[in-house]
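Chain residues, written in single-letter form:
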Amino acid sequence: MTDKVRVATATLCGCFGCHMSLLDIDERILELVQLVEFDRSPITDIKTVGDCDIGLIEGGVANAENVEVLRDFRKHCKVLVAIGACAVNGGIPAMRNAFELRECLDESYINGIGVANPAIPNDPEIPLLLNKVHPIHEVVNIDHFLPGCPPSADAIWTFLTGLIEGRPVSFPYKQIHYD
Amino acid sequence: MSSNLETADNPKKLERVVINPLTRVEGHGKVTLLQDENLHIKQARLHIVEFRGFEKFIQGRPYWELPVLVQRLCGICPVSHHLAAAKATDMLVGTTQLTPTAEKIRRLMHYGQTLQSHALHFFHLCSPDLLFGFDDDVRHRNIVGVIEDNPDIAKQGVLLRKYGQEVIRLTAGKRIHGTGAIPGGVNKALNREEIDYLQKDIGQIVQWGQDAVELIKRIFFEQLDYHMAFAAIDTNMMSMIGANGEFDIYHGGLRAKDADGGTIFDHVDYTCYSDYIREGVKNWSYMKFPFIEALGAENGWYRVGPLARVNNCDYFSTPLAEQQRKRFMDAGGGRPVQASLAYHWARQIELLYCTEAIRELLLDPDISGTELLNRGELQHCGVGVLEAPRGTLFHHYEIDDDGIVNKANLIVSTTNNNQAMNESIRQVAGMYLDGRQLTEPLLNQIEVAIRAYDPCLSCATHAMGKMPLEIILVNEKEEVIDRLEKRVTGEIQRTFS
């Protein structure tokens, strides 16, 4: 039990598609759980990240909590991996960088179609948004980058099994061929 | 209809308990509970802490990008956004009627995704609560625990989801963020080899669909009174409905019923949705609070998704699902079934329906037809609505003469359930947590109530415990890019270079 590799995962500002692509390994998940033990992850109920061998991060950095979670992962994970377009370069959410944050908020909460009581949410319980959406390597050091929107299940499988077994990772062409 | 636990009179004197992040839900959110010195709960809120601003940043983009761009809202049900945007762009390119091949390929894609999404939600995320109990050990209460203890159930769930994903891959090009639907139609049909591949396993898949309904029924009836009462709230319900009142998740009019099953509106043309639905803003959540305008914000909120759809429809067009619907409706005793945990039951009936509907479509020669596209004159306004796995999904775009988007409005499925999820956790907080020292298993009950809705809170996870007092964002050269400071008063200040 204890010789299993500990893996933690998190989604920051992303769409969850990379986690879904991880689950797209289908029945290979039965093999995976023989090799790894999941720590904090959206698929477990562990809320705080413990010491881990591998941390997988989906999504970019868009608010204050993303920064905190990312730093916590860096502190606890020996190897930290940026998975997917948003973690690698900000992805689609970074399209808001072309606008002022205020304009984006106004569009949703003030000038939106059908808004009954225009107001911008500002309670201390909701994290403060950053002016821009950042790729995660702008905040902490990242060991590996796995691109794709999302990376295919086969690409994730090739990468993870290689990493766990400690051998260099090499992808067949099809796994790095995008839309 | 709203409970009194939304806002405490004197929050500063109360003890704050936070569940953060919510887990085994698709996407992210957190819950805060405020207790007084006698452990009575005075306030319970589900906060959605993410904001991405799609409605703004798609402005300036050409309309044909919408189906592939906006689906990046969500990696769990991208097909819903892909198809809702495609339906809106159909209107933009003047398509009033898709070719039979285009409509059936899109339906196949949609049934495939509803199948995979429902399987994922039930087997991968919720079955640990239902199989092991809400108070099972936190390290065991997950899909790995299910694989170890109930390998047959786990494998069935994994393979049901895989089948749905394969239907998506073959109709949309890839499993997540595909490209199959385009304005006015689709870009591919299925060939013989692909149809044979899907037909090979469909008999087994329909059987597992039946098993899934029987499994949830067995669990539900084991503690019927408890499951009927847990997180139960009386609400209005809204869903899309076919022209004859049949269950339809791809196209139709809007139907809303009140808590007793009386009609609020029926067969409403969804392009007029903004005459019926409005959205309120609350300062403690980035997710808005929709309501039926005629009933007002206080009484007009409603539920969407499997529970609403199965309650609202007159019948299913497929025999096995229809048989299960009748059994389901019996549980309501003449009223709509209001139990929140009955979402799980309704969801499995829908999963079964999707397996049957896929089986039917695979026998239809139109799915290998060659007429894929049908376009007319460019229009300025397009509205696309369908039933995503989690409920009614609205996409609304306006474009200029050059086809560039200049206005957009999206009401995503889970947003419709915002008030209902908040009311459900308040019911659980008041009934099961009030006056008690809050332990992990008790807090999991709050999450069980939220999970019933299968919320897709999407994006942005958050930290645990206290918010830091200061956050400095630096680049690799240690230069400060952004700095945030939170004072004890909750006041927040930002300085950046």
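Within any chain, residue numbers begin from 1 and follow the written order of that chain's sequence. Chains carry letters from A onward and ligands carry numbers from 1 onward, assigned in written order. The model is predicted, so local features are restricted to residues of pLDDT at least 70 and side-chain atom pairs to those at 80 or more, both for listing and for counting; the totals for chains, interfaces and linings are taken over all residues.

J.: Now, about the overall build of chain B: what can you tell me, with residues and values included?
T.: Looking only at helices and strands, one finds 15 helices and 17 strands in chain B. Each radius of gyration is computed over the set of C-alpha atoms, and the globule rule expresses the reference value as 2.2 Å times the number of residues to the power 0.38. Relative to its length of 497 residues, chain B is compact, with a C-alpha radius of gyration of 23 Å against a globular reference of 23 Å. Counting other C-beta atoms within 10 Å of a residue's own tells you its class, since 20 or more makes it buried, 12 or fewer makes it exposed, and anything in between is partly exposed; those C-beta atoms are placed from the backbone. Each of the 497 residues in chain B was classed as buried or not, and the buried ones make up 57%. Here the analysis covers contacts within chain B between residues at least 6 apart in sequence; of these, 70% occur between residues at least 24 apart. Going along the chain from the N terminus, every DSSP run of H or I of four or more residues is numbered as a helix, and every run of E of two or more is numbered as a strand. A pair of residues counts as a contact when their C-beta atoms, built from backbone coordinates, are separated by no more than 7 Å.

J.: Talk me through the confidence of the model for chain A; I want residue IDs and the actual numbers.
T.: Residues with a pLDDT of 70 or more make up 98% of chain A, whose mean pLDDT is 94. A residue's pLDDT is the predictor's confidence in that residue, given on a scale from 0 to 100. The lowest-confidence element of chain A is helix 5 (residues 101–109) of chain A, averaging 93 in pLDDT; the highest-confidence one is strand 5 (residues 77–83) of chain A, averaging 98.

J.: An account of the packing of helix 6 (residues 151–172) of chain B against helix 7 (residues 192–222) of chain B is needed here, citing residue identities and associated values.
T.: In a packed pair of helices, the relevant descriptors are the angle between the two axes and the axis-to-axis distance. Residues and elements named next belong to chain B. An axis is simply a line fitted to the C-alpha atoms; with a helix, the fit covers only the stretch in contact. Between two such axes, the angle follows the N-to-C directions and lies from 0 to 180 degrees. Two elements in contact, helix 6 and helix 7, have axes separated by 10 Å at closest approach and are oriented at 145°. Considering only the axes of helix 6 and helix 7, their crossing is left-handed. Across from Gln156, Leu160, Tyr163, Glu166, Val167 and Leu170 in helix 6, the residues of helix 7 making contact are Glu194, Leu198, Asp201, Ile205, Trp208 and Asp211. Charged means Asp, Glu, Lys or Arg here, nonpolar means Ala, Val, Leu, Ile, Met, Phe, Trp, Tyr, Cys or Pro, and polar covers whatever is left, Gly included. Split into classes, the residues belonging to the contact of helix 6 with helix 7 amount to seven nonpolar, one polar and four charged. By definition, turning the near helix anticlockwise from the far helix through less than a right angle yields a left-handed crossing, and turning it clockwise yields a right-handed one.

J.: Mind laying out unusual backbone geometry, listing which residues take part and the relevant values?
T.: The general pattern is negative phi for most residues beyond glycine and trans for most peptide bonds. Following Cys149 of chain A, the chain continues to Pro150 of chain A via a peptide bond in cis, the omega torsion being -15°. The topology assignment puts Pro150 of chain A in the loop between strand 7 (144–146) and helix 6 (153–165). With an omega of -5°, the peptide bond running from Asn20 of chain B to Pro21 of chain B counts as cis. Looking at where Pro21 of chain B falls in the secondary structure, it is placed in the loop between strand 1 (15–19) and strand 2 (30–35). The phi angle at Ala231 of chain B is positive, at roughly 60°, despite the residue not being glycine. Position of Ala231 of chain B relative to the elements: it lies in the loop between helix 8 (224–229) and strand 6 (236–241).

J.: Quick rundown of the sheet that holds strand 3 (residues 41–47) of chain B? Include the residues and the values.
T.: Residue and element names in this part refer to chain B. The pairing criterion for strands is at least two bridges between them, as found by DSSP. With antiparallel pairing, three strands are arranged side by side in an open sheet as 1-2-3. Lying at the two open borders of the sheet, with one neighbouring strand each, are strand 1 and strand 3. Strand-to-strand, the axes of this sheet are offset by a mean angle of 15°, without reference to chain direction. In this sheet, strand 3 lies alongside strand 2 in antiparallel orientation, the contact comprising six bridges. Counterpart to Leu34 in the pairing with strand 3 is Gln43. Along the sheet face, helix 14 (residues 418–433) touches strand 2 and strand 3 and points at about 145° away from the line of strand 3.

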